[in-house]
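# Breakdown of the fold
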Amino acid sequence: QVQLVESGGGLVQAGGSLRLSCAASGRTFSGYATGWFRQAPGKEREFVAAISSTGGPYYGDSAKGRFTIARDSARNMVYLHMNSLKPEDTAVYYCALGNSDTIVATRDYNYWGQGTQVTVSS
């Protein structure tokens, strides 16, 4: 059984930084993409960043230049380093694992964590 557990969310002031972590169990990352999505109240779940099965990082427009995704395959951990946070980054952030050839849509992922809340105050 695959399980993803996010941590590291919290309350931060605008301009601050956070590092989100995702611990995976039940399978390795081999052949799978690992992604981060977020969902704000009343909005659809949005692609933030992902590492494809071949290792390349991809970022959504909201994350480019501010967020960095990293993966430690030996520890089955995925991280999202977030800098220069803005109030509009406030959302629940989800870690996901999938084996699709595409990686930017929620349908591309088979497994999801429960999410961690990030709140950015102005």
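The following paragraphs examine the structure supplied in this document. (Residues numbered from 1 in each chain as written. Predicted model: local features only at pLDDT ≥ 70, side-chain atom pairs only at ≥ 80, totals over all residues. Heavy atoms only, no water.)

### Let's talk about the state of the cysteines
Taken as a whole and assessed by the stated rule, the structure comprises 1 disulfide. Between the sulfur atoms of Cys 22 and its disulfide partner Cys 95 the distance amounts to 2.1 Å. Across the S-S bond linking Cys 22 and Cys 95, the dihedral sits near -80 degrees, which makes this disulfide left-handed. Taken together, the positions of Cys 22 in strand 3 (residues 18-25) and Cys 95 in strand 9 (residues 91-98) put the pair 73 residues apart, joining distant regions of the chain. The exposure class assigned to Cys 95 is buried, which follows from its relative accessible area of 2%. (Disulfide = S-S within 2.5 Å. Helix = DSSP H or I, 4+ residues; strand = E, 2+ residues; numbered from the N terminus. Buried < 20%, exposed > 50% of the residue type's maximum accessible area, 1.4 Å probe, protein only.)

### Quick word on the pairing of strand 8 (residues 77-82)
Residues in a regular strand point their side chains to alternate faces of the sheet. Most of strand 8 sits out of view: 5 of its 6 residues are buried. Of the pairings in the sheet, the one linking strand 3 to strand 8 comprises 6 bridges and is antiparallel in character. Opposite Cys 22, over in strand 8, you have Val 78 as the bridge partner. Note that strand 7 (residues 67-72) and strand 8 share 6 bridges and pair antiparallel. What sits directly across from Ile 69, in strand 8, is Leu 80. (Pairing = 2+ DSSP bridges.)

### Focus on the sheet that holds strand 3
Within a beta sheet, neighbouring strands are joined by backbone hydrogen bonds and run either parallel or antiparallel to one another. Strand order across the open sheet formed by 4 strands is 1-3-8-7, with antiparallel pairing between neighbours. Looking at the sheet topology across the chains shown, the edges are occupied by strand 1 (3-7) and strand 7. This sheet shows a mean twist of 15 degrees between the axes of neighbouring strands, independent of strand direction. (Axes fitted to C-alpha atoms, helices over the stretch in contact; angles between N-to-C directions.)

### Concerning the nonpolar core
Counting 25 residues, the largest nonpolar core has Trp 36, Val 48, Phe 67, Leu 80, Met 82 and Tyr 93 as its most contacted members. Those elements giving two or more residues to this core turn out to be strand 3, strand 5 (46-51), strand 7, strand 8, strand 9 and strand 11 (116-121). (Core = buried A, V, L, I, M, F, W, Y, C linked by side-chain atoms within 4.5 Å.)

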